[in-house]
Amino acid sequence: MSPTAHPEHPNAASLTHSSHHKEAVSARRTIKAVALVLARHEIRSLRRWFEDFDRDILLPILLGEIALHNIGALQNGVARRESTRPITATPSVPRDSRPPDCGLKPCNAYSIAAATGLPRETVRRKIGRLIELGWICREDNGHLFITEIALEQFGSMLSSRALGELLETADHVRTLLEEKPA
């Protein structure tokens, strides 16, 4: 008879299997706990964005995509081009009077629709609303830029509220991941 035929005499293989099973169960519990913490954080954030943007959840998505496109070029060290402009310029200022070669990468409704997967007509309408709110400006050629007003408003909001919560959430997740199974 083989050693595995007698359950009252467990061998090293069955002990190893039992140990691996306990580790897998513990890992699943940790993953579930981490997922729950992250979901709570995301839901709180989504609720705030929903309220901050007049109960239109697409507005922060579009504003974020435009900002990332504009400012991402600066973060990634992309060379400046003639088609860029400063954050402080306003749509009412003629292009000729704006400082040349200023750093923001332009985008348009088509590129934002492609980035988000939203229909172009929806993006166009929502961009109109962001322009009304003063958070986006559109040049005559269709180039979209985040405004200084939006950067100030949402930058201070992120630094005052969201960053602290994100760091607390990260600490909580780190603690969960570092806990030793009982």
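Residues numbered from 1 in each chain as written. Predicted model: local features only at pLDDT ≥ 70, side-chain atom pairs only at ≥ 80, totals over all residues. Heavy atoms only, no water.

## Looking at the overall build of the protein
To keep it simple, the criterion reads: In DSSP terms, a helix is any run of H or I states spanning at least four residues, a strand is any run of E spanning at least two, and both are numbered starting from the N terminus. Per-residue accessibility, obtained with a 1.4 Å probe over protein chains only, is compared with the maximum for each type, and a residue is labelled buried under 20%, exposed over 50%, and partly exposed between these values. We call two residues in contact whenever any of their non-hydrogen atoms come within 4.5 Å of each other. Exposure was quantified through the Shrake-Rupley algorithm and a 1.4 Å probe, taking into account, for residues, occlusion by the shown protein chains and nothing else.
Regarding its fold elements, the protein presents five helices and two strands. Put simply, the protein has 182 residues, and 29% of those count as buried. Long-range contacts, defined here as pairs at least 24 residues apart, represent 62% of the contacts in the protein between residues at least 6 apart. As presented, the protein carries roughly 12100 Å² of accessible surface, and 58% of it is formed by carbon and sulfur atoms.

## Focus: the confidence of the model for the protein
What counts here: The pLDDT value expresses, per residue, how confident the predictor is, ranging between 0 and 100.
In this model, the protein carries an average pLDDT of 77, and 69% of its residues clear a pLDDT of 70 or more. Averaged pLDDT values for the elements of the protein fall to 81 in helix H5 (residues 148-178) and rise to 96 in helix H4 (residues 120-132). With pLDDT under 50 throughout, residues 78-102 is counted as low confidence; its partners more than four residues away or in other chains account for 48 contacts.

## Here we look at the pattern of salt bridges
Basically, it comes down to this: Every case where a carboxyl oxygen of Asp or Glu lies within 4 Å of a side-chain nitrogen of Lys or Arg is listed as a salt bridge.
Inspection of every chain in the model, using the stated rule, returns eight salt bridges. Between arginine 44 and glutamate 165 there is a salt bridge, with its nearest N and O atoms 3.8 Å apart. Here the residue arginine 44 occupies a position in helix H1 (residues 12-52), and glutamate 165 occupies one in helix H5, the gap between them amounting to 121 residues. One salt bridge in this structure joins lysine 126 and aspartate 56, with 2.6 Å as the shortest N-O distance. Placement of the pair is lysine 126 in helix H4 and aspartate 56 in the loop between H1 and helix H2 (58-75), with a sequence separation of 70 residues. Like aspartate 56, lysine 126 is buried. One salt-bridge network, in which partners are shared between bridges, spans Arg44, Arg48 and Glu165.

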